[in-house]
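Chain and residue survey
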Amino acid sequence: MTMDFDFDFDRLKQLTETSGVPGYEDRIRALVREDLEATTDRVSVDAMGNVVGTIEGEGDYEVAVAAHMDEIGFMVRHINDDGFLQLDALGGWDPRVLKAQRVTVHAEDGDFTGVIGSVPPHTLTEEQKKKEPKVEDVYVDLGLPAETVEAEVSVGDLVTMEQTTVKMGDHVTGKAIDDRVCLFAMLEAARRIENPQVTIHFAATVQEEVGLRGAQALGVDLDPDLALGLDTTVANDVPGFEPADYVTQLGEGAGIKLKDSSAIANPKVHRRLRDVAEENDIAYQMELLPAGGTDTGGFQNTYGAKPVGAISMPTRYLHTVTESVHGDDVTAYIDLLTAFLTSETGDFDYTL
């Protein structure tokens with residue numbers, strides 16, 4: 001049994017299944033640009049590939065909301081004599097989750113399916129069993145002769161995980177939920193908002209997974225009065241964790257960020273997010289992330305001090321191909337983001 005969602009699952013599925021590693025977000029950028037051109041007053045793309053759709057407001061006050069387009073992936077760094085590919089990571093991978101996975105190799109003349117194989121455990125030596133896994137030790141098998149691989153694949157070609165996004169009970173699970181689910185929520189908010197009191201920049205950023213690079217550049221170019229980051233966060237509400245270490249829980253609502261490794265949210269911003277949620281009967285939970293950063297940090301001080309906040313999507317199994325979110329949390333997230341932006345007048349004092 002799966003639940004009926006109050007949002008366009010097929011669009012979310014399309015966004016998550018589309019490839020786009022850091023610095024090479026072309027395919028997902030085309031989808032985002034298409035959406036924003038239909039819902040905002042103007043759309044721009046900068047030299048890094050950040051996409052910004054702007055809805056003009058009545059006054060001079062400007063708000064930027066940012067969700068990153070890129071997903072963690074790889075670049076081919078070497079092709080050995082037998083035609084196996086060795087990889088360089090683009091973003092933070094746990095090597096333990098890579099074995100026995102299908103991947104897509106994006107070559108110049110087309111895509112190839114490959115596998116990151118795993119040899120039978122009973123054939124491993126004791127030394128091999130104890131060896132700490134590393135991305136550098138991963139090999140991609142394309143099932144092709146070495147000469148064919150060498151002719152079709154080049155160093156620098158991109159590799160993404162091959163996975164479908166599906167409904168699973170009350171959840172949505174797949175690859176690149178981080179951060180396509182928040183990107184989806186941002187696009188939905190842009191679709192719903194008309195005639196805002198403030199100018200809103202809907203920013204789809206690049207290269208977040210390798211250091212918030214797109215947001216840092218965009219913070220200078222946009223110079224907003226207020227910035228709101230949109231990203232996934234940890235939900236450790238699974239066996240093996242104590243409740244104090246859950247960070248967030250699936251099904252308990254959108255996360256309102258207090259802090260992470262990259263930023264401490266402005267107290268007045270996160271309090272207003274909470275007030276908006278309560279006034280509109282939107283489920284929420286407070287989020288305190290011990291490690292990890294988001295585009296919120298990229299905007300905070302790139303062009304002088306800025307009030308910043310963030311809405312976080314509770315997500316299980318982050319940085320794997322089985323990332324999972326709860327359908328009710330997605331709905332709450334879209335509702336909170338829309339309500340916050342619609343109610344922003346430019347008159348709130350966020351100075352401390």
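Anyway, here's the lowdown on the structure attached to this text.

What follows covers the overall build of the protein chain. Helix and strand content of the protein chain: 9 helices and 17 strands. The C-alpha radius of gyration of the protein chain comes to 21 Å, within 12% of the 20 Å expected for a compact globule of 352 residues. Dimensions along the principal axes, computed over C-alpha positions, put the protein chain at roughly 65 × 45 × 40 Å. Looking at the protein chain residue by residue over its 352 residues, the buried ones come to 53%. Sequence separation of at least 24 residues holds for 77% of the intrachain contacts in the protein chain that already meet a minimum separation of 6. Surface accessibility of the protein chain: about 15,600 Å² in total, with carbon and sulfur atoms responsible for 46%. Separation of charge centres in the protein chain, based on 28 positive and 65 negative side chains, amounts to 4 Å.

Every other side chain in a regular strand lies on the same face of the sheet, so the side chains alternate between the two faces. The alternating pattern of strand β17 (residues 323–326) places Glu323 and Val325 on one face and Ser324 and His326 on the opposite face, and all of these are buried. Here strand β11 (residues 171–174) pairs with β17 via 4 bridges, running antiparallel. By the bridge assignment, Val172 is partnered in β17 with Val325.

A separate point is unusual backbone geometry. Note: most peptide bonds trans; most residues except glycine with negative phi. The linkage connecting Asp178 with the following residue, Asp179, adopts the cis geometry, with an omega of 10 degrees. Considering the arrangement of structural elements, one finds Asp179 in helix α5 (residues 177–192). Residues other than glycine seldom take positive phi values, yet Leu212 does so here, at roughly 60 degrees. Tracing the chain through its elements places Leu212 in the loop between β12 (199–205) and α6 (213–222). Although it is not a glycine, Asp281 adopts a positive phi angle of roughly 55 degrees. Of note, Asp281 is situated in the loop between α7 (267–279) and β15 (284–288).

The subject of this paragraph is the packing of aromatic side chains. Under the criterion given, the structure shown has 5 aromatic pairs. Centre to centre, the rings of Phe74 and Trp93 are 5.0 Å apart; their planes meet at 10 degrees, and the pair counts as stacked. With Phe74 in strand β4 (residues 73–79) and Trp93 in the loop between β5 (85–90) and β6 (101–107), this residue pair connects regions lying 19 residues apart in the sequence. Classification of Phe74 by relative accessible area gives buried; the value is 0%. In this structure Trp93 comes out as buried when scored by relative accessible area, which is 12%. Joined through ring pairs, the aromatic side chains of Phe5, Phe7, Phe9 and Phe184 make up one cluster. Directly above the aromatic system of Phe9 lies the positively charged group of Lys167, at a separation of 5.2 Å from the ring centroid. Geometry around Phe340 places Arg272 over its ring, the cationic atom sitting 4.0 Å from the centre.

Taking 1.5 Å as the rise per residue, helix α2 (residues 26–39) with 14 residues should run 20 Å; its terminal C-alpha atoms sit 20 Å apart, in good agreement. Within the sequence span of α2, burial applies to Ile28, Arg29, Leu31, Val32, Asp35, Leu36 and Thr39. Axial view of α2: buried residues confined to an arc of 160 degrees, hence all on one face. Residues of α2 that are exposed and point more than 90 degrees away from the buried face comprise Glu34 and Ala38. Its buried side turned inward, α2 meets α1 (9–17), β1 (42–45), β2 (51–55), α5 and β12.

Think of a sheet as strands paired side by side through backbone hydrogen bonds, with each pair either parallel or antiparallel. Ordered in space as β4-β5-β8-β7-β6-β9, the 6 strands form a closed barrel in which the pairing is antiparallel. The mean inter-strand angle of the sheet, taken between neighbouring strand axes irrespective of direction, is 45 degrees.

Thresholds, definitions, all that
- Residues numbered from 1 in each chain as written.
- Predicted model: local features only at pLDDT ≥ 70, side-chain atom pairs only at ≥ 80, totals over all residues.
- Heavy atoms only, no water.
- Helix = DSSP H or I, 4+ residues; strand = E, 2+ residues; numbered from the N terminus.
- Rg over C-alpha atoms; globule rule 2.2 N^0.38 Å.
- Buried < 20%, exposed > 50% of the residue type's maximum accessible area, 1.4 Å probe, protein only.
- Contact = heavy atoms within 4.5 Å.
- Areas by Shrake-Rupley, 256 points an atom, 1.4 Å probe, with all protein chains shown as cover.
- Lys, Arg positive; Asp, Glu negative; His and termini not counted.
- Charge placed at Lys NZ, Arg CZ, Asp CG, Glu CD.
- Pairing = 2+ DSSP bridges.
- Phe/Tyr/Trp six-rings, centres within 6.5 Å; stacked < 30°, edge-to-face > 60°.
- Lys NZ or Arg CZ within 6 Å of the ring centre and 35° of its normal.
- Expected span 1.5 Å × (residues − 1).
- Arc of directions from axis to C-beta.
- Axes fitted to C-alpha atoms, helices over the stretch in contact; angles between N-to-C directions.

The analysis is restricted to geometry; functional conclusions fall outside its scope.
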